Amino acid sequence: MSQFDRTKESGHESGAGTETGPGPARTESRIPPAEVFSILGNDTRVAILQAMLELGADEQPVSFTAIFEQVDMADSANFSYHLEQLTGHFLAQREDGYVFRYPGRKVVSSIFTGTLTERAQLGFFPVEGSCYDCEGPLHGWYVDDELTIGCTDCGTIQVSYPFPAGGLDDRSTEDVLEAFQHYVRHHYCLAADGVCPECTGSIESDLVTDPEEDALDVAVEHVCQRCGYRLESTVGITMLDVADVLVFFSKRGVDLNAEPFWHFDWCVSDKRTEIVDDEPLRVRLTLPCAGDELRVLLDETVSVIDTAVVERLPE
């Protein structure tokens, strides 16, 4: 199980409606991408955003005077011009000052936390657990903004996923892995719930039997109908928030919310996923725990049709 593809395909144009209709009417304005970069490509405007962050604009409005003094410019008219260029899309002006709009906060987060400006690498380190393919030991590494966990014996990749470099700051490797587990799981579960992890647009999820991921015979393809974001996953990882699955494991002493998902072969491979029908497509996922099994039947939209617990026969 590995990375995602952000390409935009035909039929997935920004703002397109779904089969259920375009939704409620709304008023919306858009800034062309080139204009966004033009607005931000100025030292004074970046300094204004940084000043607002330092002055606590996340918690309360910041006055014109406070921002002006923090930026330390001699010409107030020039400062006003640059502040005005940011206001509307990146900042909002209220009676008592200026606050971040969501795009402005995202810019600040990306620039000043290093997402856009830092590169990091982390050499091999041991990872608790074993390979789903050969049961060999695992290790992890971080290169090119992607954290990967693989087998030291056979080389099989358990998971590889983009992870912001800021996630490495002031964390031990154990803490990095915990943050990575929650970050990746959150993305996959959001997609499974129909919410795009990138733009919060509507995600459509479908089973595919010819996935791009070579290690899988059957997978789930998530595609955002707004921004074209694409995410491919195993069938199993989409089940991490399903109530029947959570209850099944909880009754057997396993907390799926805390246990790293790469500890479960059904989350990082399709070895426990079986195609039971082609027309229409149906798959069955078999989840073992403490000698018992939970069998989950899914349709082509990755909706649960049925679940059944098969308990171990007493000896």
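What you are looking at is a predicted structure, and each value in this text was computed from that prediction instead of being measured.

Conventions we followed
- Counting starts from 1 at the beginning of each chain's written sequence and moves along it residue by residue.
- Where local features are concerned, this predicted model is filtered to residues with pLDDT of at least 70; where side-chain atom pairs are given and counted, the filter is 80 or more; whole-chain, interface and lining totals use all residues.
- Remark: hydrogens and water are excluded; side-chain values derive from all non-hydrogen atoms of the structure.
- Per the convention used, a helix needs a DSSP run of H or I reaching at least four residues, while a strand needs a run of E reaching at least two, with both numbered from the N terminus.
- Burial status follows relative accessibility: with a 1.4 Å probe on protein chains alone, a residue under 20% of its type maximum counts as buried, one over 50% as exposed, and anything between as partly exposed.
- What makes two strands pair is DSSP finding at least two bridges between them.
- All axes here are fitted lines through C-alpha atoms, helices being fitted over the stretch that makes contact, and every angle between N-to-C directions spans 0 to 180 degrees.
- We call two residues in contact when some of their heavy atoms are within 4.5 Å.
- Note on aromatic contacts: the rings of Phe and Tyr and the six-membered ring of Trp form a pair at centre separations within 6.5 Å, being stacked when their planes are under 30 degrees apart, edge-to-face when over 60 apart, and tilted otherwise.
- Charge-over-ring placement is defined geometrically: NZ (Lys) or CZ (Arg) within 6 Å of the ring centre, and within 35 degrees of the ring normal.
- For classification purposes, angles smaller than 35 degrees are called roughly parallel, those larger than 145 roughly antiparallel, those between 65 and 115 roughly perpendicular, and all remaining angles oblique.
- Lys, Arg, Asp and Glu make up the charged group, whereas Ala, Val, Leu, Ile, Met, Phe, Trp, Tyr, Cys and Pro make up the nonpolar group; the residues left over, Gly among them, are polar.

K.L.:
Where do I start with unusual backbone geometry in this structure?
P.N.:
For residues that are not glycine, phi is negative in most cases, and the peptide bond is trans in most cases. With an omega of -5°, the peptide bond between Glu-279 and Pro-280 qualifies as cis. For Pro-280, the location among the structural elements is in the loop between β11 (273-278) and β12 (281-289). Notably, Asp-72 is not glycine yet its phi reads approximately 65°, a positive angle. Mapping Asp-72 onto the fold places it in the loop between α3 (64-71) and α4 (76-86). Residue Asp-72 is classed as exposed on the basis of its relative accessible area, which comes to 66%. Phi at Ala-290 is positive, roughly 55°, even though this residue is not glycine. Within the secondary structure, Ala-290 is located in the loop between β12 and β13 (292-298). Residue class for Ala-290 comes out partly exposed when judged on its relative accessible area of 44%.

K.L.:
Is there a simple way to think about the sheet that holds strand β7 (residues 157-162) in this case?
P.N.:
Taken in spatial order, the four strands make up an open sheet running β4-β5-β6-β7, and their pairing is antiparallel. The open sheet has two edge strands with one neighbour each: β4 (122-130) and β7. Pairs of neighbouring strands in the sheet enclose a mean axial angle of 20°, with direction left out of account. Sitting on the sheet, helix α6 (residues 173-192) is in contact with β4, β6 (146-151) and β7, with an inclination near 80° to β7.

K.L.:
Where do I start with the pairing of β7 in this structure?
P.N.:
In this sheet, β7 lies alongside β6 in antiparallel orientation, the contact comprising five bridges. Bridged to Glu-146 within β7 is Pro-162. The hairpin formed by β6 and β7 contains five residues between the paired strands, and Gly-155 there has a positive phi angle of roughly 80°.

K.L.:
Looking at this model, I keep getting lost on the packing of aromatic side chains. Mind explaining?
P.N.:
Each aromatic ring pair is described using two quantities: the centre-to-centre distance and the angle formed by the ring planes. For the structure shown, the criterion picks out 13 aromatic pairs. Each ring, one from Phe-264 and one from Trp-266, has its centre 5.4 Å from the other, and the planes form 35°; the classification is tilted. By relative accessible area, Phe-264 is classed as buried at 12%. For Trp-266, a relative accessible area of 1% puts it in the buried group. Through successive ring pairs, a cluster of aromatic residues spans Phe-163, Phe-180, Tyr-183, Phe-261 and Trp-262. Sitting over the ring of Phe-100, Arg-105 keeps its end group 5.9 Å from the ring centre.

K.L.:
Explain the environment of Thr-286 to me, please; I cannot follow it from the model alone.
P.N.:
Following the sequence through the fold, Thr-286 ends up in strand β12. Note: C-alpha distance between Thr-286 and Val-309 (23 residues apart in sequence) is 9.7 Å.

K.L.:
Quick question: what am I supposed to make of the packing of α3 against α4 here?
P.N.:
The geometry of a pair of packed helices is captured by two quantities: the angle between their axes and the separation between those axes. For the pair α3 and α4, the least separation of the axes is 11 Å and the interaxial angle reads 110°. Relative to α4, the element α3 is oriented roughly perpendicular. Of the residues in α4, those in contact with Phe-64, Ile-67, Phe-68 and Val-71 of α3 are Ser-76, Phe-79, Ser-80 and Leu-83. Grouping the constituent residues of the contact of α3 with α4 by class yields six nonpolar, two polar and no charged.

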